[in-house]
Amino acid sequence: MDRMASGWINGLIGVVIFSGSPPATRVAVMQLDPVFLTVARAAIAGLLALCLLLVFRQKRPSRNDIVSLVVVALGVVAGFPLLTALALQHVTSAHSIVFIGLLPLSTAIFGVLRGGERPKPAFWIFSTLGSALVAGFALVQGGVASPVGDGLMLAAIIVCGLGYAEGARLSRTLGGWQVICWALVLSLPVMIALSLAFMPETFSDVALPAWLSLGYVSLFSMLIGFIFWYRGLVQGGIAAVGQLQLLQPFFGLALAATLLHEPVSWTMLAVTVAVILCVVSARKFAR
C-alpha cells in the first residue's frame, strides 16, 4: 500500500471515530456540566496517554516542540471540546455536525500557514464554496438555531483547524500518536486540578448513557481518533486528507437520528451533499 492510500485510510478511520463525538457530547451535557466534561475527558485521556508513553519508553519532546504542543493542547484538547460542549447546550448535535463542513477549509488554511502546503487556486474555489454553503445554512436557520450556539461552533472550528495543522506538522518529526499523547500529558496537571474544582457534588443523578458518553469522548474522541487522524494527515497531506472531514456530517447525522432520535431535515441533508460534492472537487487540486 502506498503512502497516499495509507493516509486516506487512516484519515477515514479518524473521521469515523470523530463522528460519534457530537452525539456523545450532546448526551453527556444533558447531565454533566460542559466545563467538567471538557476537563474530565482530557484528564482521563491524559492518564491513558501517560501510560502509553511510559510503556513504550518514548523520549521527551525537545524544547522547540513545546510551543507547538501547547498550541495542539489549546486547540484540540481544551478549545474544541469546551466550545462544542457549550454550543451543544444551545443547538442539537445534528445542527452542530453541519458546521463540520467548515473544518476542511480551516485545516487547509492553517496547513498553508503552519505546514507550508500550497494547494492550487481551484482548491480554494471549491473549498470556499463548500464553506459558504455551510454558512448560508446557518443563516437560513435564523430563528430556529441559536446565534450563541452557532458562534461557539464557528470558534470551535477555527481552533480545531489550527490544532489539526499544528499537530500534523509536528507529527512529521515527533510521530503521530506521540504528538497527541504529549499534548494530553502537557495539559494533564491543569485538567486534573480543574476536574476536581468543577466536579459535581454528587453523581447520583448521572445516568449510564452520560457515563458511556464520557467514556467515548475520553478514549476515542480524545486519544484513539487522533492517533489515526494525525498519521493520515502526515501521510496524505494536511489539505488533501483534511477534506475527509466532509464525510463526518453523513456519519454524524446518521448517529444523531439513530441514537438520539433528533430530526434531520432535508435542508441539512441537501447542504451536506452539496458541500461534499464541493470537497470531492477540491481534493483533486489539493496538491
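Throughout what follows, the structure given in this document is the object of discussion. This is a predicted model, so every value here is computed, not measured. (Residues numbered from 1 in each chain as written. Predicted model: local features only at pLDDT ≥ 70, side-chain atom pairs only at ≥ 80, totals over all residues. Heavy atoms only, no water.)

### Some remarks on the packing of aromatic side chains
Note the cut-off: Planes of paired rings set the category: under 30 degrees apart is stacked, over 60 is edge-to-face and the rest tilted, where pairs are Phe, Tyr or Trp rings (Trp by its six-membered ring) whose centres lie within 6.5 Å. Note on conventions: DSSP H or I runs of at least 4 residues are helices, E runs of at least 2 residues are strands, and numbering of each starts at the N terminus.
Applying the stated criterion across every chain, the model contains 11 aromatic pairs. Here the aromatic rings of Phe36 and Phe203 are separated by 6.0 Å at their centres, their planes lie at 45°, and the arrangement is tilted. Residue Phe36 is found in helix H3 (residues 34–55), and its partner Phe203 is found in the loop between helix H9 (176–198) and helix H10 (208–236); the two are separated by 167 residues along the sequence. Taken together, the ring pairs connect Phe18, Tyr164, Phe226, Trp229 and Tyr230 into an aromatic cluster.

### A closer look at the environment of Ser221
Selection criterion: Note on contacts: a residue pair qualifies if any of its non-hydrogen atoms lie within 4.5 Å across the two residues. For the purposes of these results, a polar contact is taken to be a pair of N or O atoms within 3.5 Å, where, inside protein, one atom must be able to donate a hydrogen and its partner to accept one; residues adjacent in sequence count only when each atom of the pair is a side-chain atom.
Structurally, the position occupied by Ser221 is in helix H10. Considered as a pair, Ser221 and Arg41 are 180 residues apart in the sequence and their alpha carbons are 9.1 Å apart. Not counting residues within four places of it along the chain, the set of residues in contact with Ser221 comprises Ile17, Phe18, Ser21, Arg41, Tyr216 and Phe226. Reaching out from Ser221, the side chain makes a polar contact with the side chain of Ser21 at a distance of 2.5 Å.

### Quick word on empty space enclosed by the protein
For clarity, the cut-off: Only protein atoms enter the calculation, which uses a 1 Å grid: trapped sets of points that fit a 1.4 Å probe without letting it out are cavities, open sets showing protein on both sides within 12 Å along at least five of seven lines are pockets, and any residue with an atom within 4 Å of a point is a lining residue. Grid points are joined across faces, edges and corners, and a volume is the space filled by probe spheres set on the points.
Applying the stated criterion across every chain, the model contains 2 cavities of 30 Å³ or more. Counted as a void, the largest cavity has a volume near 210 Å³. Forming the boundary of the largest cavity are 19 residues, of which Phe18, Ser21, Pro22, Phe80 and Thr84 lie nearest the centre. For the lining of the largest cavity, the elements supplying multiple residues, two or more each, are helix H2 (21–28), helix H4 (63–87), helix H8 (147–174) and H10. The greatest single-element share of the lining of the largest cavity, amounting to 4 residues, is contributed by H4. Contributing to the lining of the second largest cavity are Gly101, Pro104, Leu105, Ser127, Gly130, Ser131, Gln243, Leu246, Val275 and Val279. Ranked by residues supplied to the lining of the second largest cavity, first place goes to helix H7 (residues 121–141) with 3 residues.

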